[in-house]
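Descriptive structure summary
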Amino acid sequence: MIVSIDLVNQLTAAGGQAVPAAGDELGALTRILVFDAPSLAALGADDVPGFIALARVLREIFDDLRGDDVDAAADRLNTLLARSPAQPHLAKEEGRWRLHHHPVHAELVAMYMAICAEALARVVSAGDGDRLGTCQAPDCERVFVDVSKNASRRFCTTTCQNRVKVTAFRRRRGLTGAPPAE
């Protein structure tokens, strides 16, 4: 799930466009995949376009859910699942058996397509699509998973939440945020 969110937040902007200022998509992918040494070792510059395309589709899914269009999100997820080489299997990692949702020798982008599609599909199929959120701060389009007890999260971070609250406070008080005149 976290990989899906990181791909969207680091490789796309609103509307599914690539982040224009990034210019370092390979560096972003390195930071995203740092948790998995084999994936990091397999990562190459030729994987960047595939990851950007995957991130754009994931962004569209979050956009559908923000608009309360679960049917459209499910259609996109079904398309991703159909395109992914999903072949669930058990793999032993650090002495523990773990369920993987991709073939053992899948190409890197295809493997992450299966991982991301399966993770988001589980959330939507559990009726928790509303927990996949997009920040409501006016200048932010980052996505997140709401793990709060009452599913009330509206912002990606407390930084965005605080900015919105300070702006609302200043508006109510008639303050512009400009420093006082000397």
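So, a few notes on the structure that sits alongside this text. If you're wondering where the values come from, they're calculated on a predicted model, not measured in any experiment.

**Let's talk about the pattern of salt bridges**
Summed over all chains, the structure comprises 9 salt bridges. Across the pair Asp146 and Arg131 runs a salt bridge, and its minimum N-O distance is 3.9 Å. A residue pair is termed long-range when its members are at least 10 positions apart, and Asp146 in the loop between strand S4 (143-145) and helix H7 (158-173) and Arg131 in the loop between helix H6 (108-125) and strand S3 (132-134) qualify at 15 residues. Relative accessible area serves as the criterion here: at 2%, Asp146 is assigned to the buried category.

**Thoughts on the packing of helix H1 (residues 2-11) against helix H4 (residues 48-66)**
Interaxial distance between H1 and H4 falls to 8 Å at its minimum, and their mutual angle equals 100°. Here H4 runs roughly perpendicular to H1, going by the angle between their axes. The residues of H4 that touch H1, namely those facing Ser4, Ile5, Leu7, Val8 and Leu11, are Phe51, Ile52, Leu54, Ala55, Leu58, Arg59 and Phe62.

**Some points on H1**
Most of H1 is tucked away, with 7 of its 10 residues classed as buried. Buried residues of H1: Val3, Ser4, Ile5, Leu7, Val8, Asn9 and Leu11, and no others. Looking at the packing, one finds that the buried side of H1 touches helix H2 (25-32), H4, H6 and S4.

**Regarding the side chain of Thr12**
Relative to the elements of secondary structure, Thr12 occurs in the loop between H1 and H2. Owing to a relative accessible area of 3%, Thr12 belongs among the buried residues under this scheme. A polar atom in the side chain of Thr12 sits 2.6 Å from the backbone oxygen of Val8.

**With respect to unusual backbone geometry**
Trans peptide bonds make up the majority, and among non-glycine residues the majority have a negative phi. The phi angle at Asp68 is positive, at roughly 60°, despite the residue not being glycine. One can find Asp68 in the loop between H4 and helix H5 (70-83). Given a relative accessible area of 69%, Asp68 falls into the exposed group.

**Points about the environment of His89**
Within the element layout of this structure, His89 appears in strand S1 (residues 89-93). Remark: the alpha-carbon pair of His89 and His101, spanning 12 residues in sequence, is separated by 6.6 Å. Within the structure, the side chain of His89 is placed 3.3 Å from the backbone oxygen of Gln87, a separation counted as a polar contact. Of the polar contacts made by the side chain of His89, one reaches the backbone oxygen of His102; its length is 2.9 Å.

**Considerations on the state of the cysteines**
Following the criterion strictly, the structure yields 0 disulfides and no others. In this structure Cys156 is not part of a disulfide, and its nearest cysteine sulfur, from Cys140, lies 3.7 Å away. Taking relative accessible area as the criterion, Cys156 reaches 10% and is therefore assigned buried.

Parameters and conventions
- Along each chain, numbering runs from 1 in the same order as the chain's sequence is written.
- This being a predicted model, a pLDDT of at least 70 is required before a residue's local features are given, and a value of 80 or more before pairs of side-chain atoms are given or counted; all residues contribute to the totals for chains, interfaces and linings.
- In computing side-chain values, all of the structure's heavy atoms are included and hydrogens and water are not.
- When a carboxyl oxygen of Asp or Glu lies within 4 Å of a side-chain nitrogen of Lys or Arg, that pair is called a salt bridge.
- Helix numbering and strand numbering both begin at the N terminus, where a helix is a DSSP run of H or I of at least 4 residues and a strand a DSSP run of E of at least 2.
- Three labels apply to residues, based on accessible area from a 1.4 Å probe with only protein chains included: buried if under 20% of the type maximum, exposed if over 50%, partly exposed otherwise in between.
- Only the stretch in contact is used when fitting a helix axis, every axis being a line fitted to C-alpha atoms; angles between N-to-C directions are given from 0 to 180 degrees.
- Each angle gets one of four labels, with under 35 degrees taken as roughly parallel, over 145 as roughly antiparallel, 65 to 115 as roughly perpendicular, and the rest as oblique.
- Residue contacts follow a heavy-atom distance rule, with two residues in contact if any of their heavy atoms lie within 4.5 Å.
- For the purposes of these results, a polar contact is taken to be a pair of N or O atoms within 3.5 Å, where, inside protein, one atom must be able to donate a hydrogen and its partner to accept one; residues adjacent in sequence count only when each atom of the pair is a side-chain atom.
- Count a disulfide wherever a pair of cysteine sulfur atoms falls within 2.5 Å.

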